[in-house]
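# Residue-level structure breakdown
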Amino acid sequence: MAIEKTLILCKADTVARGLTGEVLARFERRGYTIAAMKILVCDEARAKKHYAEHEGKPFFAGLVGYITSAPIVALVLEGSDAIEGARATIGATNPIKAGPGTIRGDYGQTIGRNLVHGSDSAESAAREIAIWFEPSEIFSRTNDLEQWLVSN
Ligand code: DAT
Ligand code: MG
């Protein structure tokens, strides 16, 4: 078990459908804390950098178009094994294959509108957090929170 930070994006459909609060609540109820968060319209350069591993794939242009099409909410979650845990809460990439109780399984229908991004490894998390946030915008609250829970 390790305290990790992971990059989460509430993509265009989450924000436009009014599901941002629902998505954030699921992460918070599971025990992860929000270490950083902002709403923004992502430009093409940042989108291509974020999704660099998918460049050249047939869905790349659609993916970049989707993420730049409307405001999104970017955040850093922190907590025990947050990278794997957040992806479990998000569910499988294709919402049709995502289990009930996951964000994609409960709110999504198609792989091209799958609501949320979550980093898939420690390396990805470090790379992606640096794309979306300055170090000064990120707050570490886990230690304080856990101390509070133990002493109250
Ligand atoms: P994930 O978002 O679960 O980490 P990924 O990194 O493999 O999935 O792909 C990034 C995004 O690209 C994914 O959320 C949706 C889109 N995508 C992946 N495979 C796709 C496909 N076969 N057709 C259309 N979009 C796809
Ligand atoms: Mg991915």
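Here the structure is shown first, and the text comes after it.
What you see is a predicted model; the values in this text were computed from it and never measured.

Parameters and conventions
- Residues numbered from 1 in each chain as written.
- Chains lettered and ligands numbered in written order.
- Predicted model: local features only at pLDDT ≥ 70, side-chain atom pairs only at ≥ 80, totals over all residues.
- Heavy atoms only, no water.
- Salt bridge = Lys/Arg side-chain N within 4 Å of Asp/Glu carboxyl O.
- Helix = DSSP H or I, 4+ residues; strand = E, 2+ residues; numbered from the N terminus.
- Buried < 20%, exposed > 50% of the residue type's maximum accessible area, 1.4 Å probe, protein only.
- 1 Å grid on protein atoms, 1.4 Å probe; cavity = no way out; pocket = protein on both sides within 12 Å on 5 of 7 lines; lining within 4 Å.
- Points joined across faces, edges and corners; volume = space filled by probe spheres on them.
- Core = buried A, V, L, I, M, F, W, Y, C linked by side-chain atoms within 4.5 Å.
- Contact = heavy atoms within 4.5 Å.

With that settled, consider the pattern of salt bridges. For the structure shown, the criterion picks out 5 salt bridges. Taking the shortest distance from any N to any O, the salt bridge between D106 and R26 comes out at 2.9 Å. Of this pair, D106 sits in helix α6 (residues 103-107) while R26 sits in helix α2 (residues 20-30), placing them 80 residues apart in sequence. For R26, a relative accessible area of 17% translates into the label buried. Several salt bridges share partner residues, and in doing so they unite E22, R26 and D106 into one network.

Its volume calculated, the largest pocket comes out at about 480 Å³. Considering the residues around the largest pocket, the lining is formed by 22 residues, among which K11, H54, T93, R104 and N114 are closest to the centre. Secondary structure elements with two or more residues in the lining of the largest pocket: α4 (60-68), α5 (82-90) and β4 (116-118).

Among the nonpolar cores identified, the biggest contains 22 residues, and L9, I72, W132 and F133 are the most heavily contacted of them. Only β1 (3-10), β2 (33-40), α4, β3 (72-80) and α7 (122-132) provide two or more residues apiece to this core. Among the elements that make up this core, the one with the highest residue count is α4 (5 residues). Among all residues touching I72, those that are not within four sequence positions of it are L9, C10, K11, A12, V15, K38, I39, L40, C42, I67 and W132. Ranked by size, the runner-up nonpolar core spans 17 residues in total, among them F27, L75, I90 and I103.

A few words now on α5. Turning to α5, its buried residues are A82, I83, G85, A86, T89 and I90. Against β1, α2, β3, α6, β4 and α7 lie the buried residues of α5.

This part covers unusual backbone geometry. We note that D81 has phi near 50 degrees; this positive angle belongs to a residue other than glycine. Tracing the chain through its elements places D81 in the loop between β3 and α5. Classification of D81 by relative accessible area gives partly exposed; the value is 32%.

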